[in-house]
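A look at the structure
Read off the chains here:
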Amino acid sequence: MYRGLFSAAVLTAALLTFGPSAQANLPSTSTEAGGHSFLSSLLWQSLDGAAMPEGLTRDEVWLSIDLRRRQVTLYRGEAVIKRIEHLAYGAGGAAPLRARGSSMTPLGEFRVDRINRASRFGLFFGFDYPTAQVAQEALRLGRITPQEYGYIESYRARHGRAPHDTALGGLIGIHGLGRGDPYVHQRFDWTEGCVAVDNEQIRALDPWLRIGTRVVILG
């Protein structure tokens, strides 16, 4: 899924140290038990550079969201266009497989699949969670039923985006504060699973993000 320079030691340390967030305002993340090959592909993180989407082209615009560093970075290929130095994310932490109502932010690679400029958060770019890979892993682990899996697949085929009314939840994306409290935003992870930046910062991303733009969320 991602490419870059990394070592087995970095990957091993990442898999051993991710655990449930003790407090919503601490920059730690959590993972689901089981599925180590799936976790390895989603949670890999280089200490020396950003994880990049597979098959990245020189002119492709994409978004990196690093929850641990609390950075949102907009790239064209490997070149940085813009960097945002603070973000807030889910009050429940983060994991590759999130459950509806968990207030967790999903980790992995996604695409922008909806844009709402009339959001109560000012501007909202939705991500296609759950992806087909997430749905497959959730089925394997018993997190969703075969019926839910079939529904996710058929919904994606019909509408070109993920549903949000299964056990995995949805309506995840990056948004501004709207009329939210900047004080709270600077001190706590307060969202229901989305990534939040301030209103000026989300507007600065608007000229660059389109339906289909790739997004990598690292924990």
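Below you will find a few notes about this structure. Since the model is a prediction, treat every value here as computed from it, not as a measurement. (Residues numbered from 1 in each chain as written. Predicted model: local features only at pLDDT ≥ 70, side-chain atom pairs only at ≥ 80, totals over all residues. Heavy atoms only, no water.)

Here's the deal with the packing of aromatic side chains
For the structure shown, the criterion picks out 4 aromatic pairs. Taken together, a centroid distance of 4.6 Å and an interplanar angle of 10° make the contact between Trp62 and Tyr75 stacked. Here Trp62, found in strand S3 (residues 61–66), pairs with Tyr75, found in strand S4 (residues 71–76); they are 13 residues apart in sequence, far enough to count as distant. Residue classification places Tyr75 among the buried residues on the basis of a relative accessible area of 7%. Relative to Trp190, the ring of Phe121 lies with its centre 6.1 Å away and its plane at 45°, an arrangement referred to as tilted. With Phe121 in the loop between strand S8 (108–116) and strand S9 (124–127) and Trp190 in the loop between helix H5 (182–187) and strand S11 (195–196), this pair connects stretches of sequence that are 69 residues apart. For Trp190, a relative accessible area of 27% puts it in the partly exposed group. (Phe/Tyr/Trp six-rings, centres within 6.5 Å; stacked < 30°, edge-to-face > 60°. Helix = DSSP H or I, 4+ residues; strand = E, 2+ residues; numbered from the N terminus. Buried < 20%, exposed > 50% of the residue type's maximum accessible area, 1.4 Å probe, protein only.)

So, the pattern of salt bridges
If the charged atoms of two oppositely charged side chains come close together, the side chains can form a pair. With the rule as written, the count across this model stands at 8 salt bridges. Glu60 is the partner of Arg214 in a salt bridge, and the nearest nitrogen-oxygen pair spans 2.7 Å. Placement of the pair is Arg214 in strand S12 (residues 214–218) and Glu60 in the loop between strand S2 (52–53) and S3, with a sequence separation of 154 residues. By relative accessible area, Glu60 is classed as buried at 16%. (Salt bridge = Lys/Arg side-chain N within 4 Å of Asp/Glu carboxyl O.)

Overview of unusual backbone geometry
With omega at 0°, the peptide bond leading from Tyr129 into Pro130 counts as cis. Mapped onto the elements, Pro130 comes out in the loop between S9 and helix H3 (132–140). Within the chain, Arg70 stands out as a residue other than glycine whose phi angle is a positive 55°. Its location among the elements puts Arg70 in the loop between S3 and S4. One non-glycine residue, Leu171, adopts positive backbone phi at about 55°.

Notes on the environment of Val197
In this structure, Val197 sits in the loop between S11 and helix H6 (199–205). For the pair Val197 and Gln186, spaced 11 residues apart in sequence, the C-alpha separation works out to 9.4 Å. Here Val197 is in contact with Val72, Ile84, His86, Leu87, Ile174, His175, Gly176, Leu177, His185 and Ile202, once residues within four sequence places are set aside. (Contact = heavy atoms within 4.5 Å.)

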